[in-house]
Amino acid sequence: MQVRRLEITGAFEFTPKAFPDDRGLFVAPFQEKAFTEATGHPMTLAQTNHSVSARDVIRGVHFADTPPGQAKYVYCPQGALLDVVVDIRVGSPTFGQWEAVRLDSTEYRALYVAEGLGHAFLALTDNTVMTYLCSTGYNPSGEHGINPMDPDLGLPWDTERSGPAILSEKDRRAPTLAEAAESGLLPDFNTCLAHYESLRTER
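Before going into details, it helps to say that this report is about the structure given with it. (Residues numbered from 1 in each chain as written. Predicted model: local features only at pLDDT ≥ 70, side-chain atom pairs only at ≥ 80, totals over all residues. Heavy atoms only, no water.)

## Thoughts on the pattern of salt bridges
Piece 1. Under the defined criterion, the tally for this structure stands at ten salt bridges.
Piece 2. Residue R161 is joined to D158 by a salt bridge in which the shortest nitrogen-to-oxygen separation is 3.1 Å.
Piece 3. Take R161: its relative accessible area is 23%, and that puts it in the partly exposed class.
Piece 4. One salt-bridge network, held together by shared partners, links R4, E13, E107 and R109. (Salt bridge = Lys/Arg side-chain N within 4 Å of Asp/Glu carboxyl O. Buried < 20%, exposed > 50% of the residue type's maximum accessible area, 1.4 Å probe, protein only.)

Dropping the structure here:
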């Protein structure tokens, strides 16, 4: 398993080794030992999610109140998508910045998005499947969104889409990053760091 720490604190890329043969292919997109060595703590698994998206569907930017927040370990078992991590933690040195990673069913690359970070993706093919390993269960009152088309964020959708963006009404009506910050909706960077440290000390 190859591991790459992204520039945004709390985000990691994992690339497993695939084993193709005449029967098909075997790959392990999540490996606890590699994950724990990279992050300093094990992955708590409370829920798995599965989404199927048509080409040009954008989901996100989603995040949860932190703590407890919801960390996500995501990969694409079918199709291809552009996965985006957005630093929405007030006080972070990379606040408002984002990083994009292609996830697909060729390399089975995975992305870990720590609590307090924003997460979004664009489906690049029809019937694109996203698998999520989530550290906490669904909590509708604590889950929020930032508009993925916020021009100040400048997320890289335009160069990757084949047609008009397809968004849910909830994502389309979500506030911009500036509006969310003004309303006090966003996570605090130091609070998130303290939460990450607590995960390491609980090992």
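Having seen the structure, we can now continue with the description.
## Focus: the side chain of Q70
Piece 1. In this structure, Q70 sits in the loop between β6 (58-64) and β7 (72-78).
Piece 2. Among the polar contacts made by the side chain of Q70, one reaches the main-chain carbonyl oxygen of T136 at a distance of 2.8 Å.
Piece 3. Apart from residues lying up to four places away in sequence, Q70 is in contact with A64, V113, E115, C134, S135, T136, G137 and E143. (Helix = DSSP H or I, 4+ residues; strand = E, 2+ residues; numbered from the N terminus. Polar contact = N/O pair within 3.5 Å; in protein donor to acceptor, adjacent residues only side chain to side chain. Contact = heavy atoms within 4.5 Å.)

## Points about the nonpolar core
Piece 1. Grouped together as the largest cluster of nonpolar side chains are 30 residues, with contacts concentrated most on F14, Y73, V85, L103, L111, Y112 and L117.
Piece 2. Breaking this core down by element, the ones donating at least two residues are β2 (11-15), α1 (32-39), β7, β8 (80-86), β9 (98-104), β10 (110-113), β12 (128-134) and α4 (189-201).
Piece 3. Sequence-distant contacts of L117, that is, excluding residues within four places in its chain, are made with I8, T9, G10, A11, H62, F63, V85, V86, D87, I88 and R89.
Piece 4. One finds I58, V61, L122 and A180 within the second-largest nonpolar core, a separate group that totals 19 residues. (Core = buried A, V, L, I, M, F, W, Y, C linked by side-chain atoms within 4.5 Å.)

## Regarding the sheet that holds strand β1 (residues 2-5)
Piece 1. Taken in spatial order, the six strands of this open sheet run β1-β2-β10-β7-β12-β5, and their pairing is antiparallel. A single partner strand is all that each edge strand has here, and the edge strands are β1 and β5 (47-53). On average, each strand axis in the sheet is inclined to that of its neighbour by 20°, with strand direction left out of account.
Piece 2. Pairing analysis gives five bridges linking β7 to β12, with the strands arranged antiparallel. Opposite K72, over in β12, you have C134 as the bridge partner.
Piece 3. Of the strands in this sheet, β1, β2, β7 and β10 are in contact with α1, which crosses β2 at around 150°. (Pairing = 2+ DSSP bridges. Axes fitted to C-alpha atoms, helices over the stretch in contact; angles between N-to-C directions.)

## Quick look at the state of the cysteines
Piece 1. Summed over the entire model, instances satisfying the criterion amount to zero disulfides.
Piece 2. Free of any disulfide, C76 has its nearest neighbouring cysteine sulfur in C134, separated by 16 Å.
Piece 3. Using a relative accessible area of 0% as the deciding quantity, one classes C76 as buried. (Disulfide = S-S within 2.5 Å.)

## Examining the environment of E160
Piece 1. Structurally, E160 can be placed in the loop between β13 (143-145) and α2 (169-172).
Piece 2. Taking the C-alpha atoms as reference points, E160 and L124, separated by 36 residues in sequence, lie 7.3 Å from one another.
Piece 3. When near neighbours in sequence (up to four residues on either side) are disregarded, E160 contacts L82, L122 and L124.

## A look at the sheet that holds β9
Piece 1. The five strands lie next to each other as β9-β8-β11-β6-β13, forming an open sheet whose pairing is antiparallel. Looking at the sheet topology across the chains shown, the edges are occupied by β9 and β13. Between one strand axis and the next, the sheet turns by 25° as a mean value, whatever way the strands run.
Piece 2. One ladder, built from seven bridges, connects β8 with β9; its direction is antiparallel. Note on β9: the bridge partner recorded for V85 is E99.

## Some points on the layout of surface pockets
Piece 1. Here the largest pocket is characterised by a volume of approximately 630 Å³.
Piece 2. Around the largest pocket sit 30 residues that line it, and H62, K72, Y138, E143 and K170 are the ones nearest its centre.
Piece 3. A per-element tally of the lining of the largest pocket places β6 first, with six residues.
Piece 4. Looking at the lining of the largest pocket residue by residue, the class counts come to 14 nonpolar, eleven polar and five charged. (1 Å grid on protein atoms, 1.4 Å probe; cavity = no way out; pocket = protein on both sides within 12 Å on 5 of 7 lines; lining within 4 Å. Points joined across faces, edges and corners; volume = space filled by probe spheres on them. Nonpolar A, V, L, I, M, F, W, Y, C, P; charged D, E, K, R; others polar.)

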